[in-house]
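Descriptive analysis of the structure
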Amino acid sequence: MPINLNIFYMMKTLTFTTCTAAAKNYFSIKFGTFDFTGFKKLYGKKEEGNNATMQNNLYFLSLAFVFCISACKESEIYPSTPSIDYKSLNFYSDTSGSISTVKLTFGFKDGDGDLGLEDKDTLSPYNNYLDPNRTIINKYYYNCYVYPLKSINGIFCNINKAFSIDTLYDAFRIQNLTPDGKHKAIRGDIEVELDPNLLTSGYITNNDTLKYRIFIYDRALHQSNIIESPAFMWPN
C-alpha cells in the first residue's frame, strides 16, 4: 500500500511518495526545483502479544503510514519526550460490505526529532529478541503500539487472546523522521492502517463497544503519553 510523506521545512515543501511493490518501494522526492527518483526498501511487521512476554509469531503485515511532518521553526520548542494526540478513526469496507481497512490518525510532537528507526536498527536496544531462544520480544524493536480495548461492564479492558494471557495489539516500526539541519524539533500526523481481522476473528461482536489505545517510543526509549480514540461500535 502507498506511503506518503510530506515535510514542510523553512517555507519549502519536500514531497516523498512511495508505492509498495513487494519489499521494495518506488519513491520520488521533490525539493524546490530539485527532483530525485529511486528505490528504497521499506518493511512493515506486526506482532501480537502482551507487555511482558510477547509471542514470536511474527509475520508481515500490509501497512500504510501517512506522515505529515513539519520541521519546526526555531521558536517552536517541545520536550524531548514525544507527545501525541488523537486525530481520527475511519473504517473502509470492501465490495461485500465487510470492513477491510481501519485507519487511525494521531498527531505528534518531539523536541529533539529522534523519532523513527532505520531498517538497519536491529542491534541493542532495538534488537528483536531478549533471549537466546528468541522467544521474548523486545518491546523497543517496535516504536508504535495500538491496543484495542473492549468495554466490560462499563470499563475498557485489554482484549486477551483465547485461552491465553497474551494481549491483542498492533505493533509498527515508524521510519526515521529526524529532519536535517540544526533545528530538530518536529510535529506532524501519523496514519496507521490496522488489521481488522485482529478483532473480527472471534474476539468481538457487533454489540461490543471498543476503543483504541496508542503510544510511541523515540530512539532514546522515551515513551510518549498514552492516548485513546473515542468509544465506537464495530460497523456492521
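Above this text is the structure in question.
The text that follows walks through the structure, step by step, so that each part is easy to find. If you're wondering where the values come from, they're calculated on a predicted model, not measured in any experiment.

1. A short note on the nonpolar core
- F106, V146, V192, Y212 and W234 are the most contacted members of the largest nonpolar core, which has 30 residues in total.
- Elements with a minimum of two residues in this core: β8 (83-93), β9 (99-110), β10 (144-152), β13 (186-194), α1 (197-200) and β14 (209-216).
- Looking at which element gives the most residues to this core, the answer is β9, with five residues.
- The next biggest cluster of nonpolar side chains, apart from the first, holds eight residues, and it includes Y141, Y145, Y169 and A171.

2. Focus: the environment of I204
- Positionally, I204 belongs in the loop between α1 and β14.
- Using a relative accessible area of 13% as the deciding quantity, one classes I204 as buried.
- Ignoring sequence-local partners within four residues, the contact set of I204 consists of K150, I159, L199, L210 and W234.

3. What about the packing of aromatic side chains?
- Taken as a whole and judged by the stated rule, the model has twelve aromatic pairs.
- For the pair F91 and F232, a centre-to-centre distance of 5.3 Å together with 55° between the ring planes defines the contact as tilted. Of this pair, F91 sits in strand β8 while F232 sits in strand β16 (residues 232-233), placing them 141 residues apart in sequence.
- One aromatic cluster is present, formed by Y140, Y141, Y142, Y145, Y147, Y169, F215 and Y217 through successive ring pairs.
- Of note, R173 hangs over the ring of Y141, and the distance from its end group to the ring centre comes to 4.1 Å.
- Over the face of the ring belonging to F156 we find K211, whose NZ or CZ atom lies 4.5 Å from the ring centre.

Scoring rules and cut-offs
- Residues numbered from 1 in each chain as written.
- Predicted model: local features only at pLDDT ≥ 70, side-chain atom pairs only at ≥ 80, totals over all residues.
- Heavy atoms only, no water.
- Core = buried A, V, L, I, M, F, W, Y, C linked by side-chain atoms within 4.5 Å.
- Buried < 20%, exposed > 50% of the residue type's maximum accessible area, 1.4 Å probe, protein only.
- Helix = DSSP H or I, 4+ residues; strand = E, 2+ residues; numbered from the N terminus.
- Contact = heavy atoms within 4.5 Å.
- Phe/Tyr/Trp six-rings, centres within 6.5 Å; stacked < 30°, edge-to-face > 60°.
- Lys NZ or Arg CZ within 6 Å of the ring centre and 35° of its normal.

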